[in-house]
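Here is what each chain is made of, one letter per residue.
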Amino acid sequence: MRTPNVNLYLVGFMGVGKTTVGRIVAQRLGYRLLDSDHEIERLTGKSIPDIFAQDGESTFRLRERAFIAEGHPTEGCVVACGGGLIVQPGMLELVQQRGVLICLHASLETILQRTSGSRSRPLLNVEDPAERIRTLFAQREPVYRRAGTMILTDGRPLLDVTAHVMRAYRREAFEWEHAHRKPTL
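Keep in mind that what you see is a predicted model, and the values were worked out from it rather than measured.

> With reference to specific residues and values, describe the pattern of salt bridges.
Per the counting criterion, the structure on display carries eight salt bridges. A salt bridge links K46 to D55, with the nearest nitrogen and oxygen atoms 2.9 Å apart. In this structure K46 comes out as partly exposed when scored by relative accessible area, which is 24%. A single network of salt bridges, built from pairs that share partners, joins E57, R61 and E64.

> Report on helix α8 (residues 158-180), specifying residues and quantitative values.
Over its 23 residues, α8 extends 31 Å from the first C-alpha to the last, a length consistent with the 33 Å expected when each residue adds 1.5 Å. Looking at the buried positions of α8, the neighbouring elements they touch are β1 (7-11), α1 (18-29), α5 (91-98), β4 (99-105) and β5 (149-152).

> For the pairing of β1, give the residues involved together with the corresponding values.
Most of β1 is tucked away: five of the five residues are buried. Across the two faces of β1 the burial is the same, with N7, Y9 and V11 and L8 and L10 all buried. Relative to β4, β1 is paired through five bridges, and the arrangement is parallel. Paired with L8 across the bridge in β4 is V100. In the sheet, β1 pairs with strand β3 (residues 77-80) via three bridges, with the strands oriented parallel. Opposite L8, over in β3, you have V78 as the bridge partner.

> Describe in detail the side chain of E141, supporting the description with residues and values.
Checked against the element boundaries, E141 lands in helix α7 (residues 129-146). By relative accessible area, E141 is classed as buried at 18%. A polar side-chain atom of E141 sits 3.4 Å from a polar atom in the side chain of H105.

> Could you give me a rundown of the packing of aromatic side chains, with the residues and numbers involved?
In this structure the tally under the stated criterion is four aromatic pairs. Each ring, one from F13 and one from F137, has its centre 5.5 Å from the other, and the planes form 80 degrees; the classification is edge-to-face. Placement of the pair is F13 in the loop between β1 and α1 and F137 in helix α7, with a sequence separation of 124 residues. F13 gets classed as buried once you look at its relative accessible area, which sits at 1%. Both rings, one in F52 and one in F60, keep their centres 5.1 Å apart while their planes meet at 45 degrees; by these two values the pair is tilted. Overall, F60 belongs to the buried group, its relative accessible area being 3%. Site record: aromatic cluster; members linked through ring pairs are F13, F137 and Y144.

Rules of the game
Positions within a chain are numbered from 1, following the residues in the order the chain's sequence is written. This being a predicted model, a pLDDT of at least 70 is required before a residue's local features are given, and a value of 80 or more before pairs of side-chain atoms are given or counted; all residues contribute to the totals for chains, interfaces and linings. Side-chain measures here rest on the full set of heavy atoms in the structure, leaving out hydrogens and waters. A carboxyl oxygen of Asp or Glu within 4 Å of a side-chain nitrogen of Lys or Arg is what we treat as a salt bridge. Relative accessibility decides the category of a residue: with a 1.4 Å probe and only protein chains considered, values under 20% of the type maximum give buried, values over 50% give exposed, and everything between is partly exposed. Strands here are runs of E lasting at least two residues and helices are runs of H or I lasting at least four, both read from the DSSP assignment and numbered beginning at the N terminus. To estimate how far a helix should extend, the number of its residues minus one is multiplied by 1.5 Å. The criterion used for residue contact is that any of the two residues' heavy atoms lie within 4.5 Å. Any two strands are treated as partners once DSSP identifies two or more bridges connecting them. Here a polar contact means two N or O atoms within 3.5 Å. Within protein one must be a hydrogen donor candidate and the other an acceptor candidate, and residues neighboring in sequence count only if both atoms are side-chain atoms. Each Phe, Tyr or Trp ring (for Trp, its six-membered ring) is paired with any other whose centre lies within 6.5 Å, and the angle between the two planes then decides the class: stacked below 30 degrees, edge-to-face above 60, tilted in between.

Structure (structure tokens):
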């Protein structure tokens, strides 16, 4: 039986591996990989740090909403979502209407290690990036836990994480399609 080509949305905190895992999963499924941040940069002609600096975070969040609502194909994609995408009001539900969500998760220590020294994350351009990560992590984690299947990425080989994502996606794609698509006659 063929897996439905329902979109897969990888969500979770910055540094958990959404784009890296997404690239492999998309290749294995024969899907297109879309990174929401990269797509917003492409569509606006600005980097995420420039959008934050020139237009503000609220404008960036509106662009995220537009991308999820109508800025990409309705099937055949793996979408690596920005870390704050689903924590905005109504976004978790919007993404759940668009496809299967899988939340990649890592410990705070792993996230701190993976994001240290990053200049491309505007939310970390503060005096104490580690404290900012701790605060954001505490605020966002309850939403991530409601997002769907959660897969731990730290301390595990990439191929193990990818295989786990593939198994969860295949199972949940059938469930999603049954719940959201009308049968064809």
